[in-house]
Amino acid sequence: MEKILIIGANGQLGTELSAALQQKYGQNAIIRSDIRKPQEEVGIFEMLNVLDADALLSIVKKYEITQIYHLAAILSAKGEENPIQTWNINMNGLLNVLEVARHEKLNKVYYPSSIAVFGTTTPSPAPQYTSMNPSTIYGISKRAGEQWCEYYFNKYGVDVRSLRYPGLISYKTPPGGGTTDYAVDIFYKAVEGEHFSCFLSENTRLPMMYMPDAVRATMELMEAPKESLSTHEGYNLNAFDCTPKELYHEIKKHVPNLEISYKIDELRQSIADSWSDTMNDDIARQDWNWNHKFDMESTTKEMLANLKKKFA
Ligand code: AKB
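About the thresholds
Residues numbered from 1 in each chain as written. Predicted model: local features only at pLDDT ≥ 70, side-chain atom pairs only at ≥ 80, totals over all residues. Heavy atoms only, no water. Phe/Tyr/Trp six-rings, centres within 6.5 Å; stacked < 30°, edge-to-face > 60°. Helix = DSSP H or I, 4+ residues; strand = E, 2+ residues; numbered from the N terminus. Buried < 20%, exposed > 50% of the residue type's maximum accessible area, 1.4 Å probe, protein only. Near = heavy atom within 4 Å. Polar contact = N/O pair within 3.5 Å; in protein donor to acceptor, adjacent residues only side chain to side chain. Areas by Shrake-Rupley, 256 points an atom, 1.4 Å probe, with all protein chains shown as cover. Nonpolar A, V, L, I, M, F, W, Y, C, P; charged D, E, K, R; others polar. Core = buried A, V, L, I, M, F, W, Y, C linked by side-chain atoms within 4.5 Å. Contact = heavy atoms within 4.5 Å. Arc of directions from axis to C-beta.

*Asks:* Mind laying out the packing of aromatic side chains, listing which residues take part and the relevant values?
*Replies:* The tally for this structure, following the rule as stated, stands at 12 aromatic pairs. Summarising the aromatic geometry, the rings of Trp-148 and Tyr-152 are spaced 6.2 Å apart at their centres and angled 50° between planes, so their arrangement reads as tilted. Taken together, the residues Trp-148 and Tyr-152, both in helix α5 (residues 137–156) and four residues apart, mark about one turn of the helix. Among the residues examined, Trp-148 registers a relative accessible area of 34% and is labelled partly exposed. We classify Tyr-152 as buried; its relative accessible area is 5%. Measuring from ring centre to ring centre gives 6.4 Å for Tyr-151 and Tyr-156, while their planes differ by 80°; the resulting arrangement is edge-to-face. For Tyr-156, a relative accessible area of 33% gives the class partly exposed.

Structure, rendered in structure tokens:
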């Protein structure tokens, strides 16, 4: 029986992945952990700072953990406020997880990567294997993390799997400190009847994905037979791409009163400009049959309907 530890379970991805894993494996098989208590405690929860390797090991032993989903990280824009701290958390957290996986002989590890690994020398659409010169410490740590994952797979046989997520759009838990966060904020403003001030310019194109697709992709990758996987670095993962202007016009079809203005944040604009505006994910589609379900139109409908219910 699998026993799964989720590190960073209260975050944007962690909240929804925890619920999906609890549904699949049962509540007692999932140990949620984070540095803060969750607002709502569902199932087993442990306080854990992933930098504390002893605490991590004792939780792994206590629950006889067989898989770890290591989701804790500082995102792109927030990471620039304190690069050394970001490197420490993003990198040493991963190394603690890989070490415990190696010594305790865990079955599998999941490590999220990001479009932040790409840079200005990456062509568009970004191929799976390409030139990468990430410009943020978050991107540098994700790229190095991917390489550590491949290294632990080759050298120690740790079955670690990873996806390069686009910007994730969800209504359950807000993101924090990312460059793609505008694509979530705009929906909240639309539903709350407020003006939306966008920190990226109207024509900044970025890859995006609705959270249910991201959760399904993660679970499908983790369930794929090991022999079918051709990489243990992050797989490119694509759904749709859009600019703030395009997303605004799509939402406006449902919320005609929504107004937008642009107040560019230089840091986040420069980060977005350095990222690829779309990715080629053919290898994920070939290796483990990845296929997205949601495009910009269906994501918009779902986000608005669910946020309206949430605020009703
Ligand atoms: C961010 O904007 O930093 C994240 C990401 C694309 O990894 N959402």
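*Asks:* Quick rundown of the site of the ligand? Include the residues and the values.
*Replies:* Around the ligand, the neighbouring residues are Leu-75, Ser-76, Ser-114, Ile-115, Tyr-138, Gly-178, Thr-179, Thr-180 and Trp-275. Residue Ser-114 places a side-chain N or O atom 2.7 Å away from an oxygen atom belonging to the ligand. Here a nitrogen atom of the ligand and a side-chain polar atom of Thr-180 are 2.9 Å apart. For the ligand, whose free accessible area comes to 250 Å², the fraction covered by protein is 93%. Here the residues of the shell around the ligand sort into four nonpolar, five polar and no charged.

*Asks:* Kindly report on the nonpolar core, identifying the contributing residues and their values.
*Replies:* Core analysis: the largest hydrophobic core is formed by 71 residues, its most contacted members being Tyr-182 and Trp-288. Every residue in contact with Trp-288, bar those within four places of it in the chain, is listed here: Leu-163, Ala-217, Glu-220, Leu-221, Ala-224, Leu-229, Tyr-235 and Leu-237.

*Asks:* Account for helix α2 (residues 53–63), naming residues and giving values.
*Replies:* Side chains of residues three or four places apart in an α-helix project in the same direction, reflecting 3.6 residues per turn. Inspection of α2 places Leu-56, Ile-59, Val-60 and Tyr-63 among the buried residues, and these make up the whole buried set. End-on, the buried residues of α2 take up no more than an arc of 100°, which puts them together on one face. Facing away from the buried side of α2, by more than 90 degrees, are the exposed residues Asp-54 and Lys-62. Tucked inside the fold, the buried residues of α2 contact β1 (4–7), β2 (30–34), β3 (44–47), β4 (67–70) and α4 (83–103). Glu-64 sits one or two positions beyond α2 and adopts a positive phi of about 50°.

Functional significance is not addressed by these values, which are geometric in nature.
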